[in-house]
Amino acid sequence: MADPPGCCAACATCLLCPYSCRWITAKKEKRKGLRTTKCDCSWFLFLFCVFLFTLVWLYFAIIILNDLHNFNEFIFKEKKLWFDWSLVLLIATAVLITYSSVLLVLALFLQLCGQPLKLHWLHKILLILTALVVAAAFTGLGIKWAEEWRSAQISLQATGPFLHIGVVGGMTLLAWPLASFFYRTRNTGLKVFLLLVYCAVMIALYLAPLGITSPCIMEENQLPPKPVLVGHRGAPMLAPENTLMSLHKAVDCDVQVFETDVMVSADGVPFLMHDEELTRTTNVQAVFPERAALNSTAFNWTDLQQLDAGSWFLERKPFRTVESLSDDDRYQATKQRIPSLEQALEAAKQSNISIMFDLRPENHSDYQNFVNATLGVILQSGIPLQQVLWLPDGFREQVKQQAPGVQQVYGRKRLQNEKEPLLHVNLPYQDMSSEEIRQYRRDNISVNLYVVNKPWLFSVLWCSGVSSVTTNACQVLKEMKHPIWLLPSSTYLMIWIVTDCVSFLTILWAFLLLKKCSRRRRPVESETDVLLTKINSLMQE
């Protein structure tokens, strides 16, 4: 097979060596008479599928980053080991996608240079391992973290228009090696099959925007107000979670609601704590090593006050933002103690922000007394009751009777036969579609979704019209004055048409240009074949 114009032997050799692991020149490879077989084509197809597989996983990995802190907490709860697994996820994904993409690029350039696609056996093994690793990752995701599939669906509302442009561009570039193969192969059936498949894929891509929907495709004057920020346990990227320092940092981020978790000590004092055990966010293992595994509610208030609730934040670095803290913030973090609900209510009252909390653990045998103790502290604190948002479902009717001014927030969607209208709902962001958010907004129901950390997700929910979001990254979302992107439908239509037209013309140009090049090569190839035949005959004589 002759090299096309512009592909020198040295370049072909440089491409051939890492792909086939044959450290010989392309000319020697050619003298051997090696050609791309059906088996080689099958391995190229497998390589292309593995590349697409790892590319999809890369997309999922980026989406997962919004919720990965929950995964870190889950691993700590199960294994008592704290580690930032986002590093492992990103590094492993980068290695897999880089390996498969480099191999694919080599194969495409080898095809353009007319070289055989002889994939080395080591690459074949590594490609199979890559496919198995990614398949295992998807399987684990489906079993242990199924809600991330819904996160991916939401992400398509943020990335759909741009993914369409990227995929169309990638498939357009694929026209060059496809056209090169089309004009080289003599197998008419294979040529027709590949051409039909490619045309079907491109037509589907050209029409894909008909099925792409996004709440951010709207006019500027239709954009709803920016959602209110709710600090998830305060500002946990800037201060130890569920501490007074975290509350004050959240206030600095313009957070209007401090979201926290309340437990009640053995002597009846409500305090702020998320985990059922104290090991993750305090030094209980050092102070009370024999009692460290006990439930948080088993400790009295005097014991709880002896615990350091801030140094772990500097030691474990649950977020990368810890490294950028000032010396003063680091010092303040080491002085944090577990705050009582009374202290938190006083701080919220002084800062003029609301406080929303869950009461844990819900399955405790003494839960009614927990409710009574919590209500007593709220009523005695002097905080305006409309600044208190009550999340627990247990004994809700009792709370309504004793503190009718407290705002009731429900962790479910409204029912068909609702006895009294819901005014506030608090749900995971995966549980509500854009259409449902808009409908609740029209019905004057406040919707708070959690936990929203990434700007792309905040932008989608902002365009959808959500009332508020619970976030770990209040310092990031505070700075957003506008969604990441907002496109009028007419502008998107123009982008769609231009993209499709440019793609079609580029594909047409690629096939016409390579057809012209192939015609120029045919006389040379014919003369070469005749010469080789004569030489072979003379050698046999």
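A quick note: this is a predicted structure, and the numbers were derived from the prediction, not measured. (Residues numbered from 1 in each chain as written. Predicted model: local features only at pLDDT ≥ 70, side-chain atom pairs only at ≥ 80, totals over all residues. Heavy atoms only, no water.)

Caption draft 1: How the structure looks around empty space enclosed by the protein. Applying the stated criterion to the full structure yields 1 cavity of 30 Å³ or more. Lining the largest cavity are E241, N242, T243, L272, M273, H274, T281, A309, W312, I338 and P339. (1 Å grid on protein atoms, 1.4 Å probe; cavity = no way out; pocket = protein on both sides within 12 Å on 5 of 7 lines; lining within 4 Å. Points joined across faces, edges and corners; volume = space filled by probe spheres on them.)

Caption draft 2: Seen up close, the nonpolar core. By size, the foremost hydrophobic cluster in this structure holds 42 residues, and its most contacted members are L449, F458, L461 and V469. A total of 7 residues in this core trace back to one element, the largest contributor, which is helix α19 (residues 455-464). Looking at this core, you find at least three residues from each of domain 2 (152-214 + 489-540) and domain 3 (228-272 + 337-478). Those residues in contact with F458 that sit more than four places away from it in its chain are K226, P227, L229, V452, V469, L477 and M480. Counting residues in each nonpolar core, the second largest holds 33 residues, with Y19, L104, L117 and A131 among its members. (Core = buried A, V, L, I, M, F, W, Y, C linked by side-chain atoms within 4.5 Å. Buried < 20%, exposed > 50% of the residue type's maximum accessible area, 1.4 Å probe, protein only. Helix = DSSP H or I, 4+ residues; strand = E, 2+ residues; numbered from the N terminus. Domains from an automatic or database assignment. Contact = heavy atoms within 4.5 Å.)

Caption draft 3: Here's a closer look at the domain arrangement of the protein chain. Its domain assignment divides the protein chain into domain 1 (1-145), domain 2 (152-214 + 489-540) and domain 3 (228-272 + 337-478). Relative to domain 3, the C-alpha centre of domain 2 lies at a distance of 54 Å. In total, domain 2 and domain 3 occlude about 430 Å² of area from one another, counting both sides; carbon and sulfur atoms represent 76% of this. Contact with domain 3 buries area across many residues of domain 2, yet I154, Q157 and A158 alone supply 82% of it, more than any other trio. At the boundary of domain 2 with domain 3, the tally comes to 0 salt bridges. Our enumeration of links across domain 2 and domain 3 arrives at 1 residue pair in polar contact (both at pLDDT 80 or more). For the side of domain 2 that touches domain 3, the residue count by class is 2 nonpolar, 2 polar and no charged. (Buried area = accessible area lost by both parts, 1.4 Å probe. Salt bridge = Lys/Arg side-chain N within 4 Å of Asp/Glu carboxyl O. Polar contact = N/O pair within 3.5 Å; in protein donor to acceptor, adjacent residues only side chain to side chain. Nonpolar A, V, L, I, M, F, W, Y, C, P; charged D, E, K, R; others polar.)

Caption draft 4: Structural detail: the packing of aromatic side chains. Per the counting criterion, the structure on display carries 21 aromatic pairs. The interplanar angle of 90° and the centroid separation of 5.6 Å between the aromatic rings of W43 and F46 together place this pair among those described as edge-to-face. One end of the pair is W43 and the other is F46, both in helix α3 (residues 38-64) and 3 residues apart, which spans about a single turn. Using a relative accessible area of 28% as the deciding quantity, one classes F46 as partly exposed. Ring centres of Y367 and F395 lie 6.3 Å apart, and the angle between their planes is 25°; this geometry places the pair in the stacked category. Here Y367 is found in helix α16 (residues 367-381), whereas its partner F395 is found in the loop between β5 (388-390) and α17 (396-402), with 28 residues between them in sequence. Look at F395 and you get partly exposed, because its relative accessible area is 35%. Cluster of aromatic residues (ring-pair linked, three or more members): F53, W57, F60, F138 and W149. The ring of W312 has R280 sitting right over it, with the charged end atom 5.9 Å from the ring centre. (Phe/Tyr/Trp six-rings, centres within 6.5 Å; stacked < 30°, edge-to-face > 60°. Lys NZ or Arg CZ within 6 Å of the ring centre and 35° of its normal.)

Caption draft 5: Main features of the side chain of S459. Of note, S459 is situated in helix α19. Once you skip the residues sitting within four places of it in the chain, S459 turns out to touch C216, M480, P483 and I484.

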